[in-house]
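# Structural overview for review
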Amino acid sequence: MKRWVDALARTGYRGAYTLARLYWLVRHPSTEGVFVGVWHAGRVLLLQNSYKHQLSMPGGGMDPGESPEQAGARELHEEVGLRVEASSLRPVFETVGTSENKEDHVRFLELDVDAEPALTIDDREVTWAAFIDLDTALRLPVSPLVRAYLEHARSRRR
């Protein structure tokens, strides 16, 4: 039964994302969001959302009145089950993306962990997550925003 519910939820996510992209195509809104680069031993956490073709990182939009750090901590918990204090996330990079027909202002936060954390994914919004070395990550099909961050991280973290 769970397998069917998960599959139905993934279909819902894909449908909602398709509708959002159509809205963005017509309206070209300006949005604000965050991504969190979680690093362990030179490897970064990447994930696969059920509704996108490219790999991404934990992140999403900011709720009204929410700081980037609060949004990052919330998204880490929602997407991979990782609980962290918002104050443990440090801002490192900002960029603006337009690949989804919107002006997406994104702040990248980072967290370095001493031990690889256990990850919990729901198999609905997120279908896969793993720590990948930076050189391999840059060869994978990652979203343009994540690629910009990884290129920036390569110059800072070596």
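Note that the structure is a prediction, hence the values are computed from the model and not measured. (Residues numbered from 1 in each chain as written. Predicted model: local features only at pLDDT ≥ 70, side-chain atom pairs only at ≥ 80, totals over all residues. Heavy atoms only, no water.)

## Some thoughts on the environment of D114
Mapping D114 onto the fold places it in the loop between β5 (103-112) and β6 (126-133). Owing to a relative accessible area of 79%, D114 belongs among the exposed residues under this scheme. The spatial distance from the C-alpha of D114 to the C-alpha of H40 is 6.4 Å, given a sequence separation of 74 residues. (Helix = DSSP H or I, 4+ residues; strand = E, 2+ residues; numbered from the N terminus. Buried < 20%, exposed > 50% of the residue type's maximum accessible area, 1.4 Å probe, protein only.)

## Focus: the nonpolar core
One finds V44, L46, M57, F108, Y149 and L150 to be the most contacted residues of the largest nonpolar core, which totals 19 residues. Breaking this core down by element, the ones donating at least two residues are β1 (30-40), β2 (43-49), β5, α3 (134-139) and α4 (144-157). The biggest single contributor to this core is α4, with five residues. Core analysis: the next-biggest nonpolar cluster, separate from the first, contains 15 residues, L45, V80, L111 and F131 among them. (Core = buried A, V, L, I, M, F, W, Y, C linked by side-chain atoms within 4.5 Å.)

## Observations concerning the pattern of salt bridges
Taken as a whole and assessed by the stated rule, the structure comprises 18 salt bridges. One salt bridge connects E100 with K102, and the closest N-O pair in it is separated by 3.8 Å. On the basis of relative accessibility, which here comes to 11%, the residue K102 falls in the buried class. When the shortest N-O distance is used, the salt bridge between R156 and E110 registers 2.5 Å. Taken together, the residues R156 in helix α4 and E110 in strand β5 connect sequence positions 46 residues apart. Note on R156: relative accessible area 33%, which makes it partly exposed. Overlapping salt bridges, with partners in common, bring together D63, E66, R74, E75 and E78 in one network. (Salt bridge = Lys/Arg side-chain N within 4 Å of Asp/Glu carboxyl O.)

## A look at unusual backbone geometry
The residue H28 is not glycine, and still its phi comes out positive at about 50°. Here H28 is to be found in the loop between α1 (2-27) and β1.

## What to know about the environment of P29
Inspection of the secondary structure assignment puts P29 in the loop between α1 and β1. C-alpha separation for the pair P29 and L89, spaced 60 residues apart in sequence, amounts to 27 Å.

## Notes on the packing of aromatic side chains
One pass over the full model with this rule turns up six aromatic pairs. When the centroid spacing of 5.3 Å and the interplanar angle of 25° are considered together, the rings of F35 and F108 count as stacked. Of this pair, F35 sits in strand β1 while F108 sits in strand β5; the two residues are 73 residues apart in sequence, bridging distant segments of the chain. The exposure class of F35 is buried, given its relative accessible area of 10%. Counting every residue linked through ring pairs, the aromatic cluster contains Y13, Y17, W24 and Y51. Note that K102 overlies the ring of W24, its terminal NZ or CZ placed 3.9 Å from the centroid. The ring of W39 has R157 sitting right over it, with the charged end atom 4.1 Å from the ring centre. (Phe/Tyr/Trp six-rings, centres within 6.5 Å; stacked < 30°, edge-to-face > 60°. Lys NZ or Arg CZ within 6 Å of the ring centre and 35° of its normal.)

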